[in-house]
Amino acid sequence: MNYLERIHLEIILAVQQEGSMTAAAESLHLTQSALSHSMSKLEDQLGVKLWQRKGRQLVPTQAGQHLLNTARRLIPQFVRTENQLIQFSKGERGVLKIGMECHPCYQWLQKMTNTYLQDWPSVDLDVIQKFQFAGIEALLTHEIDIIVTPDPVRKPELTFIPVFDYEQVLVVSENHPLKNHKFVEPEELSEETLFTYPVCSDRLDIFSNFLTPVGRTVKYQKIIETTEIMIQMVACGRGVTSLPRWLVNEYAERYAIFPVKLGKKGVHKQIHLGVRQEDANVDYIQAFLNKAQAST
């Protein structure tokens, strides 16, 4: 049986702060008899005295002092947690966890997070990429709140919102023989070293939408985790890579790299933001979705 309740902590803290049972009862909106009865019952149940009288003063016993110390530590936590839960219920506070299934989208995300955080000072952001293309499961199990993905998986409990279209292109150096080609055919990459992010080949557009369907591949595939290093390797003529055209155009201002269309028709994709249906109307999540759509 649990004898100690939050009200007991509030009472002993109020008595200490207010100086008397009468003042403590008034501050807690209780009658003095109700307050005295509650604490006497606790003393009887636990077999311990919490106060001793010294003249007109109530002084905590050793047990009372221990309870008072606990109250000083826990009551502010209760109040803080209650306030946060109220804010949660209004969609005003929380940690917005974003899972990334699109490595190059970090640059896009960074453009909008600063203004979002300014608009929502009570919301923190946490960007997670550990799922490495297993983000749908993470979304379903509430490990993340939003997933950024080029490959939405339609499920009744999820909603996917298209954010922007992009074209996946081959990226080559200024001295590469394919630099001035209008487009590249799959067989032209058979002797190439291809730099890719550390994800499965079947989830890389250059394989799934270009090479694999016609039974082609590259000579070497080398894994690089960061976009900047990947671009530098390409610019130095160490190999080629495949990235969204918009990202290549940004890096082309600093590096001698050039985009080449993948096939005559190109490889065209769409970035989506996925959320759980139940959370789609939460204020701060809806605000993020709206800002993402407006930023493109």
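Draft legend 1. Representation of empty space enclosed by the protein in the model. Overall, the coordinates contain one cavity of 30 Å³ or more when judged by the stated rule. As a volume, the largest cavity reaches approximately 240 Å³. Every element with two or more residues in the lining of the largest cavity is listed here: β6 (158-173), β8 (193-196), α7 (205-211) and β10 (240-244). Looking at the lining of the largest cavity element by element, the count peaks at four residues for β10.

Draft legend 2. Representation of the pattern of salt bridges. Per the counting criterion, the structure on display carries 13 salt bridges. The salt bridge involving Lys219 is made with Glu191; its shortest N-O contact spans 3.7 Å. Here Lys219 is found in the loop between α7 and β9 (220-223), whereas its partner Glu191 is found in the loop between β7 (183-184) and β8, with 28 residues between them in sequence. Accessibility expressed as a relative area gives 60% for Glu191, which makes it exposed. Put simply, Asp151, Arg203, Asp205 and Lys269 are held in one network by salt bridges that share partners.

Draft legend 3. View of the packing of aromatic side chains. This model, assessed by the stated rule, comprises five aromatic pairs. Aromatic pair Tyr251 and Tyr255: ring centres 6.3 Å apart, planes at 35°, arrangement tilted. Tyr255 matches Tyr251 in its accessibility class, with the two residues each being buried. An aromatic cluster of three or more residues is present, and its members are Trp108, Phe164, Tyr166 and Trp246. Over the face of the ring belonging to Phe258 we find Lys179, whose NZ or CZ atom lies 4.5 Å from the ring centre.

Draft legend 4. Molecular detail of the confidence of the model for the protein chain. Looking at the protein chain as a whole, its pLDDT mean stands at 89, while 96% of the residues score no less than 70. Averaged pLDDT values for the elements of the protein chain fall to 83 in helix α6 (residues 135-140) and rise to 97 in strand β11 (residues 257-262).

Draft legend 5. The arrangement of the environment of Tyr284 in detail. Residue placement: Tyr284 occurs in helix α10 (residues 283-294). Distance from Tyr284 to Ser122, taken between C-alpha atoms, is 9.6 Å for residues 162 residues apart in sequence.

Draft legend 6. Looking closely at the packing of helix α5 (residues 105-119) against α10. For the pair α5 and α10, the least separation of the axes is 10 Å and the interaxial angle reads 135°. When the interaxial angle is binned, α5 and α10 end up oblique. When you trace α5 past α10, the crossing you get is right-handed. In this structure, α5 uses Trp108, Leu109, Met112, Thr115, Tyr116 and Asp119 to contact α10, whose residues at the interface are Tyr284, Ala287, Phe288, Lys291 and Ala292. Of the residues assigned to the contact of α5 with α10, the class counts are eight nonpolar, one polar and two charged.

Draft legend 7. How the structure looks around the side chain of His176. The residue His176 is located in the loop between β6 and β7 in this model. On the basis of relative accessible area, His176 is assigned to the buried category, the value being 12%. Reaching out from His176, the side chain makes a polar contact with the backbone nitrogen of Leu178 at a distance of 3.0 Å. Looking at His176, its side chain comes within polar contact range of the side chain of Glu192, at 2.8 Å.

Draft legend 8. Highlighting helix α3 (residues 32-46). For α3, built from 15 residues, the straight-helix expectation of 21 Å at 1.5 Å per residue is met to within 8% by its first-to-last C-alpha distance of 21 Å. Considered for burial, the residues of α3 that qualify are Leu35, Ser38, Met39, Leu42 and Glu43. End-on view of α3: buried residues confined to an arc of 130°, all on one side of the axis. For α3, exposure combined with an orientation more than 90 degrees from the buried face picks out Ser33, His37 and Asp44. Gly47 sits one or two residues past α3 and shows a positive phi near 65°.

Rules of the game
Residues numbered from 1 in each chain as written. Predicted model: local features only at pLDDT ≥ 70, side-chain atom pairs only at ≥ 80, totals over all residues. Heavy atoms only, no water. 1 Å grid on protein atoms, 1.4 Å probe; cavity = no way out; pocket = protein on both sides within 12 Å on 5 of 7 lines; lining within 4 Å. Points joined across faces, edges and corners; volume = space filled by probe spheres on them. Helix = DSSP H or I, 4+ residues; strand = E, 2+ residues; numbered from the N terminus. Salt bridge = Lys/Arg side-chain N within 4 Å of Asp/Glu carboxyl O. Buried < 20%, exposed > 50% of the residue type's maximum accessible area, 1.4 Å probe, protein only. Phe/Tyr/Trp six-rings, centres within 6.5 Å; stacked < 30°, edge-to-face > 60°. Lys NZ or Arg CZ within 6 Å of the ring centre and 35° of its normal. pLDDT = per-residue confidence, 0-100. Axes fitted to C-alpha atoms, helices over the stretch in contact; angles between N-to-C directions. Parallel < 35°, antiparallel > 145°, perpendicular 65-115°, else oblique. Left-handed = near helix turned anticlockwise from the far one by under 90°. Contact = heavy atoms within 4.5 Å. Nonpolar A, V, L, I, M, F, W, Y, C, P; charged D, E, K, R; others polar. Polar contact = N/O pair within 3.5 Å; in protein donor to acceptor, adjacent residues only side chain to side chain. Expected span 1.5 Å × (residues − 1). Arc of directions from axis to C-beta.

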